[in-house]
Amino acid sequence: MAKTIVLVLDGLRYDVMLSSMGYLNHLVEKSQAALYKVKSELPSLSRPLYEVLLTGTPSYINGITANHVVRLSRFPSVFHLARQQGLTTAAAAYHWVSELYNSAPFDYVADRIQHDESKPIQHGMFYYEDSYPDSHLIGDAEYLRRTHDPDFLYIHPMNIDDAGHKFTSDSARYRGQALHMDGLLAVLLPVWMEQGYQILVTSDHGMNEDGHHGGTGDAERDVGLIAIGDRFTPGVYTDSYLPQLAIAPLICSLLDIPVSSHMSDIPVTGFRK
């Protein structure tokens, strides 16, 4: 079992990951990471795709079909599966993640900070404003890592998506938020890499030039996946799309835990099981 960190940079489209994240792409260029091109599931909306990323099930099966479907997931997530194997879980994430896997609806006082060994997400710091600074969220995540030493840490910042909605994806503010996140990761990724973590950096969906997502366009559906760790052969694997449904079983493989019966066995080029 390798301790695993998954970062979901909300709303980051594929081409902006390539053009505005110099440190992440430096790792790919210097054969320290693997790069994949992912086609997101539909609808290309946040809450449905959180469920895709963490349960490996599409919306027509899991029933999380829109952002306003507020209830607990009815399928085992990576958090559930990790807990069943005695692993420790933590998340610094938007409150919808708590609503899917810990409790719903979200209580803005009681659920902001959670420490409950019986929950799928045992240690959680959840925010509920889209403008909550990414720097603070990354700080929350690093606090959880250092304090609770989770086997699975899920990190989910929102400022890139927020800038896209306010200023569109074709804006200095949107690209600037991607640059800002890259700078934050340039400080912490070397630490995590030195300590032997397996690391996945991806997104739920992209963003179009109108400042929206939810449709079928490439700008809304094409996202990247950068994989770091000794389970991956560094390289660029973008000749074909990796289905987004492959992410959840990939995380399970990194954690060396059984996948759920609802997950598909989708091979990932360059990954050593």
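Numbers given to residues run from 1 along each chain, matching the order in which its sequence is written. Residue-level local features of this predicted model are given only where pLDDT is at least 70; pairs of side-chain atoms are given and counted only at 80 or more, and the full residue set underlies all totals for whole chains, interfaces and linings. Hydrogens are left out, water is left out, and the side-chain values use all remaining heavy atoms of the structure.

1. Notes on the sheet that holds strand β8 (residues 222-228)
Rule in force here: Strands are treated as partners if at least two bridges between them are detected by DSSP. For the purposes of this entry, the term helix denotes a DSSP run of H or I that reaches at least four residues, the term strand denotes a run of E that reaches at least two, and both are numbered from the N terminus. The convention used is that axes are lines fitted to C-alpha atoms, helices contributing only their stretch in contact, and that angles between N-to-C directions extend from 0 to 180 degrees. Whether two residues are in contact is decided by their heavy atoms: any pair within 4.5 Å suffices.
The strand order across the open sheet formed by 9 strands is β4-β5-β3-β6-β1-β7-β8-β2-β9, and the pairing between neighbours is mixed. Each edge of the sheet is formed by a strand with only one pairing partner; in this case those strands are β4 (113-115) and β9 (235-243). For this sheet the average axis-to-axis angle between neighbouring strands, irrespective of direction, equals 15°. Pairing geometry for strand β2 (residues 34-39) and β8, over 6 bridges, is antiparallel. Among the inter-strand pairings, Lys 37 is bridged to a residue of β8, identified as Gly 224. With respect to the sheet, helix α2 (residues 22-29) is in contact with β2, β7 (198-202), β8 and β9, its orientation differing from that of β8 by roughly 60°. Helix-sheet contacts for helix α11 (residues 247-255) involve β1 (4-8), β6 (152-155), β7, β8 and β9, and the interaxial angle to β7 is about 165°.

2. Section: the nonpolar core
Formally: Note on terminology: a nonpolar core comprises buried Ala, Val, Leu, Ile, Met, Phe, Trp, Tyr and Cys residues joined through side-chain atoms within 4.5 Å. Buried, partly exposed and exposed residues are distinguished by accessible area as a fraction of the type maximum, computed with a 1.4 Å probe on protein chains only: under 20%, between the cut-offs, and over 50%, respectively.
Grouped together as the largest cluster of nonpolar side chains are 87 residues, with contacts concentrated most on Leu 7 and Tyr 154. With 8 residues, helix α9 (residues 172-194) is the single largest residue contributor to this core. Aside from chain neighbours lying at most four places away, what touches Tyr 154 is Val 6, Val 8, Leu 53, Leu 54, Phe 79, Ala 90, Ala 91, Ala 92, Ala 93 and Val 97.

3. Examining the packing of aromatic side chains
Rule in force here: What counts as a ring pair is set by centres within 6.5 Å for rings of Phe, Tyr and Trp (its six-membered ring), and what kind of pair is set by the plane angle: stacked under 30 degrees, edge-to-face over 60, tilted for all other angles. Placement of a charge over a ring requires the Lys NZ or Arg CZ to be within 6 Å of the ring centre, with the centre-to-atom vector within 35 degrees of the ring normal.
Within the structure shown, the criterion is met by 13 aromatic pairs. On the basis of an interplanar angle of 15° and a centroid distance of 5.2 Å, the ring pair of Tyr 127 and Tyr 132 is categorised as stacked. Considered together, Tyr 127 and Tyr 132 belong to a single accessibility category, that of buried residues. Three or more aromatic residues link up through ring pairs in this structure, and these residues are Tyr 50, Tyr 94, Trp 96, Tyr 127 and Tyr 132. Residue placement shows Arg 47 over the ring face of Trp 96; its charged tip is 4.4 Å from the ring centre.

4. Digging into the side chain of Thr 202
You can see Thr 202 is positioned in strand β7. If near-sequence neighbours (up to four positions away) are discounted, Thr 202 is found in contact with Leu 7, Val 8, Leu 9, Val 223, Gly 224 and Leu 225.

5. A look at the packing of helix α3 (residues 46-55) against α11
Operational definition: The classification used treats Ala, Val, Leu, Ile, Met, Phe, Trp, Tyr, Cys and Pro as nonpolar, Asp, Glu, Lys and Arg as charged, and all other residues, Gly among them, as polar.
One can describe the packing of α3 onto α11 by two numbers: an axis separation of 5 Å at closest approach and a directional angle of 40°. On α11, the residues touching Val 52, Leu 53, Leu 54 and Thr 55 of α3 are Ile 247, Ala 248 and Ile 251. Residues belonging to the contact of α3 with α11 are distributed by class as follows: 6 nonpolar, 1 polar and no charged.

6. Some remarks on the pattern of salt bridges
For clarity, the cut-off: Salt bridge, as applied in this entry: a Lys or Arg side-chain nitrogen positioned within 4 Å of an Asp or Glu carboxyl oxygen.
Under the counting rule described, the total for this entry stands at 13 salt bridges. Between Arg 13 and Asp 15 there is a salt bridge, with its nearest N and O atoms 2.7 Å apart. The exposure class of Asp 15 is partly exposed, given its relative accessible area of 38%. Close ionic contact of Asp 222 with Lys 37 constitutes a salt bridge, the shortest N to O distance being 3.9 Å. On the criterion of sequence distance, the pair formed by Asp 222 in strand β8 and Lys 37 in strand β2 is long-range, its members being 185 residues apart.

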